[in-house]
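Inside the fold
Spelled out, the chains give:
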Amino acid sequence: MLYKVAMTLLLTIWFSSSALGYSEPSAQDLEQEFSRYSELLRTDGKNPRYLNGLGFACYRLNRLPQAIEAYQKSLSYDPQATTFNNLGAAYLRLKQFENAEHAFRKALELDSSAVKAAYNLAVALYREDRFYAAYQAYRQAKQIDADYVKKRFEASNARDELRKAVLQMPDKDASRLALRRLEAE
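Thresholds, definitions, all that
- Residues numbered from 1 in each chain as written.
- Predicted model: local features only at pLDDT ≥ 70, side-chain atom pairs only at ≥ 80, totals over all residues.
- Heavy atoms only, no water.
- Phe/Tyr/Trp six-rings, centres within 6.5 Å; stacked < 30°, edge-to-face > 60°.
- Helix = DSSP H or I, 4+ residues; strand = E, 2+ residues; numbered from the N terminus.
- Buried < 20%, exposed > 50% of the residue type's maximum accessible area, 1.4 Å probe, protein only.
- Contact = heavy atoms within 4.5 Å.
- Salt bridge = Lys/Arg side-chain N within 4 Å of Asp/Glu carboxyl O.
- Expected span 1.5 Å × (residues − 1).
- pLDDT = per-residue confidence, 0-100.
- Polar contact = N/O pair within 3.5 Å; in protein donor to acceptor, adjacent residues only side chain to side chain.
- Axes fitted to C-alpha atoms, helices over the stretch in contact; angles between N-to-C directions.
- Parallel < 35°, antiparallel > 145°, perpendicular 65-115°, else oblique.
- Left-handed = near helix turned anticlockwise from the far one by under 90°.
- Nonpolar A, V, L, I, M, F, W, Y, C, P; charged D, E, K, R; others polar.

Quick word on the packing of aromatic side chains
The full count for this structure, using the stated rule, is 2 aromatic pairs. The interplanar angle of 10 degrees and the centroid separation of 6.4 Å between the aromatic rings of Phe56 and Tyr59 together place this pair among those described as stacked. Of this pair, Phe56 and Tyr59 both sit in helix H3 (residues 48-60), separated by 3 residues, roughly a single helical turn. A residue is classified by how much of its surface remains accessible, and Tyr59, at 9% relative accessible area, is buried. With a centroid separation of 6.1 Å and 90 degrees between ring planes, the pair formed by Tyr119 and Tyr148 is classed as edge-to-face.

Description of the environment of Gly53
When you line up the elements, Gly53 lands in helix H3. Among the residues examined, Gly53 registers a relative accessible area of 9% and is labelled buried. The spacing of Gly53 and Glu33 is 20 residues in sequence and 8.4 Å in space, taken between C-alpha atoms. Apart from residues lying up to four places away in sequence, Gly53 is in contact with Glu33 and Tyr37.

Some thoughts on the pattern of salt bridges
The final tally for this structure, using the stated rule, is 7 salt bridges. Note that Arg105 and Glu101 form a salt bridge whose closest N and O atoms lie 3.0 Å from each other. With Arg105 and Glu101 both in helix H6 (residues 97-110) and 4 residues apart, this pair spans about one turn of that helix. For Glu109, the salt bridge identified is with Lys106, shortest N-O distance 3.7 Å. A residue pair is termed a helical-turn pair when its members lie 3 or 4 positions apart in one helix, as Glu109 and Lys106 do in helix H6 at 3 residues. Overall, the relative accessible area of 60% leaves Glu109 in the exposed class. In the salt-bridge network here, residues are joined through shared partners; they are Glu101, Arg105, Glu128 and Arg130.

Things to note about helix H2 (residues 27-43)
Taking 1.5 Å as the rise per residue, H2 with 17 residues should run 24 Å; its terminal C-alpha atoms sit 25 Å apart, in good agreement. The inward-facing, buried residues of H2 abut H3 and helix H4 (64-77).

Re the confidence of the model for the chain
Looking at the chain, the pLDDT average stands at 81 and 70% of residues meet or exceed 70. Scored below 50 in pLDDT, residues 1-22 makes 58 contacts in the model with residues more than four places away or belonging to other chains.

A few points about the side chain of Asn85
Mapped onto the secondary structure, Asn85 falls in helix H5 (residues 81-93). Separated by 3.5 Å, the side chain of Asn85 and the backbone nitrogen of Ala117 make a polar contact. Setting aside residues no more than four positions away along its own chain, Asn85 makes contact with Phe104, Ala107, Lys116, Ala117 and Asn120.

As for the packing of H3 against H4
For any two helices packed against each other, one specifies the inter-axial angle together with the distance between the axes. Running from amino to carboxyl end, H3 crosses H4 at an angle of 165 degrees, the nearest separation of the two axes being 8 Å. Relative to H4, the element H3 is oriented roughly antiparallel. You can see that H3 and H4 cross each other, and the crossing is left-handed. Residues Pro48, Leu51, Asn52, Leu54, Gly55, Phe56, Cys58 and Tyr59 of H3 lie in contact with H4, whose contacting residues are Leu64, Gln66, Ala67, Ala70, Tyr71, Lys73, Ser74 and Tyr77. Class assignment for the residues of the contact of H3 with H4 results in 11 nonpolar, 4 polar and 1 charged.

Considering the side chain of Asn52
For Asn52, the location among the structural elements is in helix H3. Ignoring anything within four residues of it in the chain, the contact list for Asn52 reads Tyr71, Ser74, Thr83 and Asn86.

Here's the deal with the environment of Ala67
With respect to the secondary-structure elements, Ala67 resides in helix H4. Residue Ala67 is classed as buried on the basis of its relative accessible area, which comes to 0%. Along the backbone, Ala67 and Gly55 are 12 residues apart, and their C-alpha atoms lie at a distance of 4.0 Å. With near-sequence residues (within four places) excluded, Ala67 lies in contact with Gly55, Cys58 and Tyr59.

Quick look at the structure:
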């Protein structure tokens, strides 16, 4: 129960780009980005950087099957942790949690310091109702870059929501223990 409550925060802050001060580009800007990468790929169709860029443009345009195709093609030329993380994010958005988990784990195999992949792995595991594994992945992300995790945590209202959920736990001893752990975070 404690892990389920603790992992609720991950859903609250999942891909919260606005929470980190990132402003979303307009649909027109995204279409221009998509066109630019498509044009670059006409002259250099095997360039993994261009393919990853096209995948990211498709992701942001919510063209997820196209994004996945571009990421997979990029990975066939140059397997990079960032691209695996991006692929996992697309799968996560499509609710293909096992595929997302696999992609995030591949990213971490290539780069054990890929905090975004570790954090996103926690989200995928949570979505699969694997709460203990999700909590472990969250802790791993925190070990890699506590500041990143803290920013994601603080930028949302996850701490307040988590506190409310913990206070509603039927076992008051477990509730107090969870609150102490939360305050220590």
